[in-house]
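# Chains, contacts and geometry: an overview
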Amino acid sequence: MSEFNGKVVIITGSASGIGAATSLAYAKRGAQVIGIDLAPSTDTAAAIQKAGGKAEFVAGDVSDANTWQQTAKLAEAAGGADTLINVAGFSVLEDSIDTLTGELWQKIMNINLKGHWLGSQTLLPQMKRKGGGAIVNMSSATSLVGVPNHAAYSMAKGGVDALTRQMAVDLAKDNIRVNAVNPGPVRTPMVTTNTEEMMDQIVQAVPLKRMAEPEEVAEIMIFLSSNAASSITGVTLPIDGGLSMTM
Ligand SMILES: NC(=O)c1ccc[n+]([C@@H]2O[C@H](COP(=O)([O-])OP(=O)(O)OC[C@H]3O[C@@H](n4cnc5c(N)ncnc54)[C@H](O)[C@@H]3O)[C@@H](O)[C@H]2O)c1
């Protein structure tokens, strides 16, 4: 039986891409998944049901405290949060130092950074009451290397790395481990909505010459939240085919 059987796992960004793949991967291991997304998680719900898993969903914005209050109630009713996987994120090509507006900067910070902190803070009391837990934050290779048109996004992801280290240090006494993953290009709508030419350029820059699949990222997040990683906290782990190691 999986160690996640019956565990209450909250996953943001559950409607699409990495969040959807991660929700399904935990549900297949017997976790009670609570997914959060602005968009309807209809396809994820259907995939989990087909796999015989359990899931509930909250429709809401991760940067809004009301979303987290609603989530905390569901998690409490399920027995209390064990694991939080902060995945929801947002990027746009207008995000260059030249054209970035204050409004867009704030939106990118709210979704990619504030949401991670707010969700963690809201669910911490439940994890502490249960004697511990694990949090995995979604960062990006853009926190490690500069990428054109990702100004506020890179700043937000750099903040996620710092938040991860800070939380790891502050929460170790409560037996709560906090880690982050830093993917390079992953085959999700965030990337596949680019032109073929842009996708080619992206793949050529990766030493392994391919994008990661969302399921590969899900497996690493599951590892970091599992007993196999029981002495790992505060790491920011590239999943980028070597991208951040090259010139
Ligand atoms: N795809 C990549 O190449 C890549 C690389 C590095 C990091 N990431 C990160 O992975 C995460 C998931 O991205 P993805 O590639 O699966 O993209 P995606 O666009 O497929 O999924 C993102 C999901 O987040 C949801 N979302 C956006 N804003 C939200 C909000 N305010 N509240 C709740 N949900 C919200 C969207 O509705 C969507 O379902 C993001 O944090 C992204 O920055 C992606």
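Numbering of residues begins from 1 in every chain and follows the order in which that chain's sequence is written. Reporting in this predicted model follows two pLDDT cut-offs: at least 70 for local features of residues, and 80 or more for side-chain atom pairs to be given and counted; totals over whole chains, interfaces and linings ignore these cut-offs and use all residues. Only heavy atoms go into the side-chain values, all of them from the structure, while hydrogens and water stay out.

## Some details on unusual backbone geometry
The following threshold applies: Helix and strand definitions here come from DSSP, where helices need a minimum of 4 consecutive H or I residues and strands a minimum of 2 consecutive E residues; each element is numbered from the N-terminal end.
The phi torsion at Asn149 lies on the positive side, around 65 degrees, for a residue other than glycine. Positive phi, close to 55 degrees, is recorded for Lys209, a residue that is not glycine. On the secondary structure map, Lys209 appears in the loop between helix 7 (196–204) and helix 8 (214–225).

## Looking at the layout of surface pockets
What counts is decided by this rule: The method works on a 1 Å grid over the protein atoms by themselves. A cavity is a set of points holding a 1.4 Å probe that cannot get out, a pocket is an open set with protein on both sides within 12 Å along at least five of seven lines, and residues with an atom within 4 Å of a point line them. Grid points are joined across faces, edges and corners, and a volume is the space filled by probe spheres set on the points. The classification used treats Ala, Val, Leu, Ile, Met, Phe, Trp, Tyr, Cys and Pro as nonpolar, Asp, Glu, Lys and Arg as charged, and all other residues, Gly among them, as polar.
In this structure, the largest pocket encloses a volume near 1500 Å³. Contributing to the lining of the largest pocket are 50 residues, with Ser91, His150, Tyr153, Met190 and Val191 lying nearest its centre. Across the lining of the largest pocket, the residue classes tally to 28 nonpolar, 19 polar and 3 charged. Within this model, the second largest pocket holds a volume of roughly 310 Å³. What lines the second largest pocket is a set of 16 residues, among which Gly132, Gly133, Ala134, Ser225 and Asn227 lie closest to the centre.

## Here we look at the side chain of Thr164
The cut-off we apply is this: Three exposure classes are used, based on accessible area relative to the maximum for each residue type with a 1.4 Å probe and protein chains only: buried under 20%, partly exposed in between, and exposed over 50%. Throughout, a residue-residue contact means that at least one pair of heavy atoms, one from each residue, lies within 4.5 Å.
Structurally, the position occupied by Thr164 is in helix 5 (residues 151–171). On the accessibility criterion, Thr164 (0% relative accessible area) is buried. Discounting chain neighbours no more than four positions away, the residues touching Thr164 are Asn137, Val178, Asn179, Ala180, Gly234 and Val235.

## Here's the deal with the packing of helix 1 (residues 17–28) against helix 8
Convention followed: Fitted lines through C-alpha atoms give the axes, limited to the stretch in contact for helices. The angle between two N-to-C directions lies from 0 to 180 degrees. Every angle not falling under 35 degrees, over 145, or within 65 to 115 is termed oblique; those three ranges are roughly parallel, roughly antiparallel and roughly perpendicular. Each crossing is labelled by how the near helix is turned from the far one, with a counterclockwise turn of less than a right angle marking it left-handed and a clockwise turn marking it right-handed.
Packing of helix 1 against helix 8 brings their axes to within 8 Å, and their N-to-C directions diverge by 55 degrees. The angle between helix 1 and helix 8 places the two elements in the oblique class. Judged by the twist between their axes, the crossing of helix 1 over helix 8 is right-handed. Residue-level contacts link Gly17, Ile18, Ala21, Thr22, Ala25 and Tyr26 of helix 1 to Pro214, Glu215, Val217, Ala218, Glu219, Met221, Ile222 and Ser225 of helix 8.

## Focus on the environment of Gly159
The topology assignment puts Gly159 in helix 5. Taking the C-alpha atoms as reference points, Gly159 and Met109, separated by 50 residues in sequence, lie 9.0 Å from one another.

## A few points about the site of the ligand
This is how it is decided: A single heavy atom is enough: if one lies within 4 Å of a molecule or strand, its residue is considered near that molecule or strand. Polar contact is defined as a pair of N or O atoms within 3.5 Å, subject to the rule that within protein one atom must be able to donate a hydrogen and the other to accept it, and that residues adjacent in sequence are counted only when both atoms are side-chain atoms. For accessible areas, the Shrake-Rupley method is used with a probe of radius 1.4 Å. Any residue's cover is judged against the shown protein chains and nothing else. For a molecule to be placed in a cavity or pocket, more than half of its atoms must lie within 2 Å of the grid points of that cavity or pocket.
By nearness alone, 28 residues border the ligand, and Ser16, Asp37, Val87, Tyr153 and Thr188 come closest of all. With respect to the ligand, the side chain of Lys157 contributes an N or O atom lying 3.0 Å from an oxygen atom. Between the ligand and Val186, the relevant distance is 2.8 Å, taken from an oxygen atom to a main-chain nitrogen or oxygen of the residue. Contact with the protein chains removes 91% of the 820 Å² of surface that the ligand exposes when unbound. The pocket occupied by the ligand, as judged from atoms lying within 2 Å of grid points, is the largest pocket. Of all the secondary structure elements, the ones that give two or more residues to the shell around the ligand are helix 1, helix 5 and helix 6 (189–192). Residue contributions to the shell around the ligand peak at 3 residues, all from helix 6. Classifying every residue of the shell around the ligand gives 16 nonpolar, 9 polar and 3 charged.

## Focus: the nonpolar core
Basically, it comes down to this: To qualify as a nonpolar core, a set must consist of buried Ala, Val, Leu, Ile, Met, Phe, Trp, Tyr and Cys residues joined through side-chain atoms within 4.5 Å.
Ranked by size, the top nonpolar core spans 33 residues in total, and within it Ile10, Trp68 and Ile135 carry the most contacts. Contributions of two or more residues to this core are made by strand 1 (8–12), strand 2 (32–37), helix 3 (65–77), helix 4 (102–129), helix 5 and strand 6 (176–183). Those residues within four positions of Trp68 in sequence are excluded, and the remaining contacts are Ile10, Thr12, Ile36, Val62, Leu84, Asn86, Gly115, Leu118, Gly119, Thr122 and Leu123.

## A closer look at the sheet that holds strand 3 (residues 54–59)
The test is simple: By this definition, two strands are paired if DSSP reports at least two bridges between them.
Spatially, 3-2-1-4-5-6-7 is the arrangement adopted by the 7 strands of the open sheet, whose pairing is parallel. If you trace the sheet from one side to the other, it starts and ends with strand 3 and strand 7 (236–239), each paired once. Across this sheet, the average inter-strand angle for adjacent strands is 20 degrees, counted without regard to direction. Note that strand 6 and strand 7 share 4 bridges and pair parallel. Counterpart to Pro183 in the pairing with strand 7 is Ile239. Packing against the sheet, helix 4 makes contact with strand 1, strand 4 (83–86), strand 5 (133–138) and strand 6, and its axis sits at approximately 175 degrees to strand 4. Where helix 5 meets the sheet, its contacts fall on strand 5, strand 6 and strand 7, and the angle it forms with strand 6 comes to roughly 160 degrees.

## Quick notes on the pairing of strand 3
Counted only if it meets this: Clockwise travel from the first strand over the helix to the second, with the strands pointing away from the viewer, marks a crossover as right-handed.
Examined bridge by bridge, strand 2 and strand 3 share 6 bridges and lie parallel to one another. Each bridged residue has a counterpart across the sheet, and for Gln32 the counterpart in strand 3 is Lys54. Between the parallel elements strand 2 and strand 3, the chain passes through helix 2 (residues 42–50) in a crossover that is right-handed.

Scope: geometric values only; no functional claims are made or implied.
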